[in-house]
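Observations on chain architecture
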Number of protein chains: 4
Amino acid sequence: MNNREEKRRDILIAAFKIFGRDGFYKAKVSDIAKEANVGKGTIYEYFESKENVFEEMVKFGIEQYLKKVTLLIYEEDDVIEKLKKYVLAEKEMMIEYGNIANIFFQEADKIGKEVREIVIKARNRKLSLIEDIVKEGIKKEIFKNIDAYLFSLAFIGGVHQFLVDEIRFFASNKKVYTIEDFINLFLNGIKK
Amino acid sequence: MNNREEKRRDILIAAFKIFGRDGFYKAKVSDIAKEANVGKGTIYEYFESKENVFEEMVKFGIEQYLKKVTLLIYEEDDVIEKLKKYVLAEKEMMIEYGNIANIFFQEADKIGKEVREIVIKARNRKLSLIEDIVKEGIKKEIFKNIDAYLFSLAFIGGVHQFLVDEIRFFASNKKVYTIEDFINLFLNGIKK
Amino acid sequence: MNNREEKRRDILIAAFKIFGRDGFYKAKVSDIAKEANVGKGTIYEYFESKENVFEEMVKFGIEQYLKKVTLLIYEEDDVIEKLKKYVLAEKEMMIEYGNIANIFFQEADKIGKEVREIVIKARNRKLSLIEDIVKEGIKKEIFKNIDAYLFSLAFIGGVHQFLVDEIRFFASNKKVYTIEDFINLFLNGIKK
Amino acid sequence: MNNREEKRRDILIAAFKIFGRDGFYKAKVSDIAKEANVGKGTIYEYFESKENVFEEMVKFGIEQYLKKVTLLIYEEDDVIEKLKKYVLAEKEMMIEYGNIANIFFQEADKIGKEVREIVIKARNRKLSLIEDIVKEGIKKEIFKNIDAYLFSLAFIGGVHQFLVDEIRFFASNKKVYTIEDFINLFLNGIKK
DNA sequence: TATGAATGAGTATTCATTCAT
DNA sequence: TATGAATGAATACTCATTCAT
């Protein structure tokens, strides 16, 4: 088997965990090494620098994420179900990977141009996913003829906040909302 | 007269700028001192540590921000206009202070419990602002009887994404949306 | 008193000792700091990098050295005495500073362009010192009309080897030569 | 056939080149391996350590060098021609191997006792070569009855400086000296 | 025997914090 | 009270050496 590729993957998964927990600056290369069960020097056999590990981790993570979401969405026919599946996929990612997504977007900016570009491209692919669903819904005359891009912005932002609330600020005494509750807001609007 | 209070304020404003530009870890205490036109040691006459400066800056920034939004909103009578004013206030903040808000939320986590609590409290106050508008709208029978908290989550998230798109990923060839366009999505929903 | 200038000097003197003992690569910045009785960080308040410390030490050492030699030579009237004084000055330097001169010339090459240029310039000033003596001797009709530059090369090289032998490879059973013995070789030649 | 001996030689030749270019500390074992077209691990099949490679390279280089000089000198009958041949041999070595000789002498000190001893022994053999020529010249009544050892020091040092000037600090506008010019200084002296 | 992937000891450098002035 | 010179803890990265294949 391709042992080199495997070890590279191990390091990226470890980086994913450590960067996700500590952010770029607080994370120590030696911690990533420990987590990956390799020596500190080994990291540098596979990556040029801490920055480069971050960069490749972002690429790797984004790819994993987009694959997952895309798959879930394409399994569905109904556009409303597709939107629900998107929320579900995001939820799973957030549970699994903590706030890595935030770190992608937040710290990428300061780390270097290339990371920034990767992240922007990923963001656009995510927006496109929703745009496509909306366009399909418009064509199928399920949705009004609204601007698909504008909606995707609102929706993605809304979903993020909704999930952050549920997952990260969870309090036992808080009312729990279903995905339907949430989606209905976007479907029906609030104006009487 | 209150020279001490004034200098503290100067430092906080400088911290706001530097942390906003560089994030917590990349920001240097000496840069904040330079920006505030004080000596490096002076910072430590007013604050216990870099973390404490960050903490106090977050409190200060949030207070400023909430004051501004609250004021704008209470100037209006019409609930829909109030929502627009919220978007406007957020937009101004984002233009003026860059992504400081993200830094609040993102890095606060790693910096310490107290900051985290401050940020959560602020987030809740922001959500309450919207909640109150929605409840008023429901009472006035302008809005449906939806869950005000759930809406505030969706709305705040959506606004954030909308503004990030406009301000940070602005591209000359991109379609420009009005705040009305955006608000209408939430008012009318997308389902036919 | 100019404390800053003083401390800079202390560091350079420490660097002189440590680089002289260990060479550029083996020398540790922390050892220079210890030798200078300052903290490691202090070095970086006065110099940009280890390279820069080396560079400045070379400048400093060369200046000291040339001052000394020049002074000794100008005290004398007789050209042959001047040559002897040069040998004496070199000898004192070699005893006092070990093989720092070799390190100047040897390692300067690898460390950076600027150091290299400083060292070359110093070498030329040293050659000029001898050249001037020779030219004076020719004018005074004490010396033959030989090429002064060529002689200075031969003389400086010869002196170096002579002193290295005496100082560094000293063995108790070895015949000891006087400076006169040595100088006479150059004065009279070896051909019958 | 003697493949082992051959590969050892290849490594030493590569070491000669790399150490000559970079000096002991800057030189990387991996670069020597690459230059010798062997794996990094292979170096350690033939030598105990980087230091040992250096040590053996010094021995090897010195042996090559002394063989060459000795041969050239013994081809000649005339003592003055022998001195010229020595200069020529040194010149060729300096052109071919850069400043490896300096590195021998300079860095040997820091690397270990054994290398130091090898280098000293080699230096003495070199001095002996010249000494023997001088003694021969004295016997043949071509040279004055000077101290042969003292002369060899002066001569070897002078030659080194002369060649360094010609080869390493060569400048197109500089006067070019012949070996005769140089030798004549030593033969005739400078005193009128 | 030959290899190069893996390792971790070792070191330059940064920067929050202290404290003498 | 205000300062900035001095400090050393902390950490990315290099490279000689080992060892499984």
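No experiment lies behind these values; they were computed from the predicted model shown. (Residues numbered from 1 in each chain as written. Chains lettered and ligands numbered in written order. Predicted model: local features only at pLDDT ≥ 70, side-chain atom pairs only at ≥ 80, totals over all residues. Heavy atoms only, no water.)

Topic: the relation of the copies chain D and chain C
Threshold: Our superposition of the copies is a least-squares fit, built on the C-alpha atoms of residues whose pLDDT is at least 70 in both. Here, residues are in contact when the closest pair of their heavy atoms is within 4.5 Å.
You can overlay chain D on chain C at an RMSD of 0.2 Å; the transform is a turn of 179 degrees with a shift of 0.1 Å along its axis. Both copies of the chain, as the preceding transformation shows, are related through a two-fold rotation axis. Within chain D, D:G189 has its C-alpha nearest the rotation axis, a separation of 1.7 Å. Both copies present the same face, since 100% of the interface residues in chain D are matched by interface residues at the equivalent positions in chain C.

Some details on the pattern of salt bridges
Residues and elements named next belong to chain A. We count it as follows: Between Lys or Arg on one side and Asp or Glu on the other, a salt bridge is scored when a side-chain nitrogen of the former is within 4 Å of a carboxyl oxygen of the latter. Think of it this way: any DSSP run of H or I at least four residues long counts as a helix, any run of E at least two long counts as a strand, and we number them from the N terminus. For the exposure calls, accessible area comes from a 1.4 Å probe over protein chains only, and a residue counts as buried if that area is under 20% of its type's maximum, exposed if over 50%, partly exposed in between.
One pass over the structure, following the stated rule, counts 74 salt bridges over all chains. Of the charged contacts, one joins K135 and E131 as a salt bridge, the two residues approaching to 3.6 Å between their closest N and O atoms. Here E131 and K135 lie together in helix α7 (residues 113-139), a separation of 4 residues that amounts to about one turn. Accessibility expressed as a relative area gives 46% for K135, which makes it partly exposed. Bridged by salt links that share partners, the residues E5, R8, E56, K59 and E114 form one connected network.

Considerations on the protein's contact with DNA strand E
Counted only if it meets this: The criterion for a residue being near a molecule or strand is simple. One of its heavy atoms has to lie within 4 Å of it. A 3.5 Å cut-off defines polar contacts: any pair of N or O atoms within that distance qualifies, except that in protein one atom must be a possible hydrogen donor and the other a possible acceptor, and neighbouring residues in sequence count only when both atoms are side-chain atoms.
Neighbouring DNA strand E are 31 residues, the closest being A:G39, A:T42, C:K40, C:Y44 and D:T42. Of what DNA strand E places within 4 Å of the protein, 66% of the atoms are sugar or phosphate. Note that a base oxygen of DNA strand E is positioned 3.0 Å from one of the side-chain N or O atoms of B:K40. Within the backbone of C:K50, a nitrogen or oxygen atom sits 2.9 Å from a phosphate oxygen of DNA strand E. For the surface near DNA strand E, the secondary structure elements donating two or more residues are α3 (40-46) of chain A, α3 (40-46) of chain B, α3 (40-46) of chain C together with α1 (3-26) and α3 (40-46) of chain D.

Side note on the interface of chain D and chain C
Applicable threshold: Summed over both partners, the accessible area (1.4 Å probe) lost when two parts come together is defined as the buried area. Amino acids outside the nonpolar list (Ala, Val, Leu, Ile, Met, Phe, Trp, Tyr, Cys, Pro) and the charged list (Asp, Glu, Lys, Arg) are all regarded as polar, and Gly is one of them.
Contacts between chain D and chain C engage 48 residues on the former and 49 residues on the latter. For the chain D and chain C pair, buried surface summed over both sides reaches about 4,800 Å², with 60% attributable to carbon and sulfur atoms. For D:R123, the salt bridge is made with C:D165, and the minimal N-O distance between the two is 2.6 Å. Linking chain D with chain C are 18 residue pairs in polar contact (both at pLDDT 80 or more), by the criterion used here. Within the residue set of the side of chain D that touches chain C, elements represented by two or more residues are α1, α6 (100-111), α7 (113-139), α8 (148-167) and α9 (179-188) of chain D. Per element, the largest residue contribution to the side of chain D that touches chain C is 11 residues, and it comes from α8(D). For the side of chain D that touches chain C, the class distribution of residues is 21 nonpolar, 9 polar and 18 charged.

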